Amino acid sequence: MARYETVIGLEVHIELKTRSKIFCDSTTEFGGDPNTHICPVCLGLPGTLPVVNKKVVEYAIRAALALNCQIAGFSKFDRKNYYYPDMPKNYQISQYDLPIAEHGYLDIDTGGGVKRIGITRLHMEEDTGKLVHQGTITTTPFSLVDYNRAGVPLIEIVSEPDLRSPEEACSYMEKLKAIVQYTGVSDCKMEEGSLRCDANISVRPAGSSKLGTKAEIKNLNSFRALQRALSYEVERQIEALEEGGRIVQETRTWDEGKGVTLSMRSKEHAHDYRYFPDPDLVPLVIEKEWVEDIRRSLPELPDARRRRYVMEYGLPGYDAAVLTSTREMADYFEDCVASYSNPKAVSNWIMGDLARLLNANNQEITACRIKPRQLASLLELMEKGTISGKIAKTVFEEMFASGKDAGVIVKEKGLVQISDEGAIAAVVAEVIASNPKSVEDIRAGKEKALGFLVGQVMKATRGKANPELVNRLLKERI
Amino acid sequence: MISKKDVDQVALLGRLELTGEEKEMFTRQLNDILEHFRFLERLDTTDVQPTAHVLPLKNVLREDWPGQHMSREDALANCPDRDEDYFKVPRIV
Ligand SMILES: [Zn+2]
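The structure presented is a predicted model; accordingly, all values stated were derived computationally and were not measured.

**Q** Tell me about the sheet that holds strand β3 (residues 86-90) of chain B, residues and numbers included.
**A** In spatial order, the strands read β9(A)-β10(A)-β3(B)-β2(B); together these four strands make up an open sheet with antiparallel pairing. Where the open sheet ends on each side, the last strands, each with one partner, are β9 (130-133) of chain A together with β2 (82-83) of chain B. Pairing of strand β10 (residues 142-146) of chain A with β3 of chain B involves four bridges; the strand directions are antiparallel. Paired with valine 145 of chain A across the strands is phenylalanine 87 of chain B, a residue of β3 of chain B.

**Q** Explain the sheet that holds strand β13 (residues 215-220) of chain A residue by residue, including any values.
**A** All names here are of chain A. One open sheet holds the nine strands; their spatial order is β3-β7-β8-β11-β1-β12-β13-β14-β15, and the pairing between them is mixed. Edge strands, defined here as strands with exactly one partner in the open sheet, are β3 (70-71) and β15 (260-263). Summarising the sheet, strand β12 (residues 195-205) and β13 pair through four bridges and their orientation is antiparallel. Bridge pairing in β13 links asparagine 200 to glutamate 216. Contacting β1 (4-15), β7 (101-110), β8 (113-126), β11 (153-159) and β12, helix α2 (residues 166-183) runs over the sheet at an angle of about 115 degrees to β7.

**Q** Describe the packing of helix α7 (residues 327-339) of chain A against helix α9 (residues 372-383) of chain A, naming the residues involved and giving the relevant values.
**A** Residue and element names in this part refer to chain A. Relative orientation of the contacting elements α7 and α9 amounts to 45 degrees, with a least axis distance of 8 Å. Between α7 and α9, the angle falls in the class oblique. By crossing handedness, the relation of α7 to α9 is classed as right-handed. Side by side, α7 and α9 meet where Tyr332, Asp335, Cys336 and Ser339 of the first sit next to Pro372, Arg373, Leu375 and Ala376 of the second.

**Q** Give a description of the interface of chain B and chain A that names residues and reports values.
**A** Listed as interface residues are 32 residues of chain B and, on the opposing side, 42 residues of chain A. Looking at the side of chain B that touches chain A, the elements with two or more residues in it are α1 (4-13), β1 (61-62), α3 (72-77) and β3 of chain B. Ranked by residues supplied to the side of chain B that touches chain A, first place goes to β3 of chain B with five residues. Each residue belonging to the side of chain B that touches chain A can be placed in one class, and the counts come to 18 nonpolar, four polar and 10 charged. Where strand β2 (residues 52-53) of chain A lies against β1 of chain B, two bridges are found, and the strand directions are parallel. By the bridge assignment, asparagine 53 of chain A is partnered in β1 of chain B with arginine 62 of chain B.

**Q** Before we move on, could you go through the UniProt feature "domain: Asn/Gln amidotransferase" (unreviewed entry) in chain A and cite the residues and values that matter?
**A** As recorded in UniProt, the feature "domain: Asn/Gln amidotransferase" (unreviewed entry) lies at residues 331-478 of chain A. The span residues 331-478 of chain A is 72% helix and 0% strand, and its two end C-alpha atoms sit 50 Å from each other.

**Q** Just give me the short version of the domain arrangement of chain A, but keep the residues and values in it.
**A** Residue and element names in this part refer to chain A. Annotation of chain A at the domain level lists domain 1 (4-292), domain 2 (300-413) and domain 3 (421-477). Distance from the C-alpha centre of domain 1 to the C-alpha centre of domain 2: 36 Å. Contacts between the two partners involve six residues from domain 1 and, on the opposite side, six residues from domain 2. For the side of domain 1 that touches domain 2, the element with the highest residue contribution is α2, accounting for four residues. A per-class count over the side of domain 1 that touches domain 2 returns four nonpolar, one polar and one charged.

Thresholds applied
Residues numbered from 1 in each chain as written. Chains lettered and ligands numbered in written order. Predicted model: local features only at pLDDT ≥ 70, side-chain atom pairs only at ≥ 80, totals over all residues. Pairing = 2+ DSSP bridges. Helix = DSSP H or I, 4+ residues; strand = E, 2+ residues; numbered from the N terminus. Contact = placed C-beta atoms within 7 Å. Axes fitted to C-alpha atoms, helices over the stretch in contact; angles between N-to-C directions. Parallel < 35°, antiparallel > 145°, perpendicular 65-115°, else oblique. Left-handed = near helix turned anticlockwise from the far one by under 90°. Nonpolar A, V, L, I, M, F, W, Y, C, P; charged D, E, K, R; others polar. UniProt positions renumbered as here; feature names shortened; annotations may be inferred. Domains from an automatic or database assignment.

This is the structure in structure tokens:
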């Protein structure tokens, strides 16, 4: 048994997909020239007043309900004071003691079955601006600031310290991402920064119920970084304890290049945020009716959809989990199955060839040129025997590149499967005549040689011969 | 009791550079303010909800419509230092 137990809690920030910012009508559009998506409110100019974007509250409630949270009847905004210039006001508007939602959970799969991870709270806040440094943050002579992102709406979701390994932390993140994506309130793209994560991590002697001293790890910008940084941190902390040392409570940053976490001691004394209610914003009183309206509008969520795929389509649990991991992929699957009713075959193609091509081309399934109905008609051509499975793969690649229908490609390229016995028999006779050595081997019981002859026939017919027929004819004639 | 060390910390967080004389003055003044609140603490507030806002207002919300931006030149006009399109600030750590 391991001598130490790891305890992890995650703080996840998710950018909400609204059109305007949380407290002003500046656009939230990504990119844009520096300091062009700003106005007097998000610049914090004297005399301006923030006004809450209703959509932000709706989206926060929507995500919270999907995460099984209780929605507060009464909620307010507070100022989090600090002196980094990433906010022009010297404070960030956030929620302190009365967040919009608390007491939620989500379920993750672990080696030992399903595990429920508690969600402490979900609150709304504004994103900060972007600092550009010359060189590193500690050596740059000065910093440049772009406030385009300042005031973009975020929700922060804080988990209970229920996670016991870096793997569980990754599962939690993946599940959280899937659920929030399903609700449609965010794209949750880690690579674009619309999903971000900080981790609190500590270790303690196995069997102990007292929490060890934790470190807060920042700059976890990908699932890979999360996994690697936490694994590194577990080892670092255990090693320190084993050597008789102790863990310092501190903020550390993940250095992706070096593969280590580094202390950010300089941030320590700034951790006194002096929260107080923002006098510019009046409280929110959330009507039950509104909450119920939002609850009714929630789509089928990943867990429910996954169970349905097993029950309704008879798919293995693994397939169901992969297909429902994003709403877009699940929609694609269901659209395919609507026109071709062999769910397992559709699942194989989506998880196999389609996923491979999408990955290789760094493409989203929504941008895929093969539409679900087109994949369905390819599978039909295969089932009817018009094309072989091997040709189908070639056609599929062509469809992926051009977006043409399978039938059109098959016709244009003359790929129709040859199932005419006479035509194949002629090729078989030729192949037998020109490969006497292999024929002898087969007669001597070397089955492998048969595969070689099948290959020769397929080559001569450019892959179009019906493989079953080829096999049968070869066996008959040898 | 607020000590001079507390004043140093608050000054640091507020980016204020204080002279020794000012530090002493603020230590005294902040303690006077605390004294006043101690006086208020004598009131029985058992059944009083904490105040979230002094105005009897709630749910002041706006629709999610993007509006006009200010020009970058206007935005940068008042800043002490700039570098082309950016606000320029001293190193932060
Ligand atoms: Zn603005």
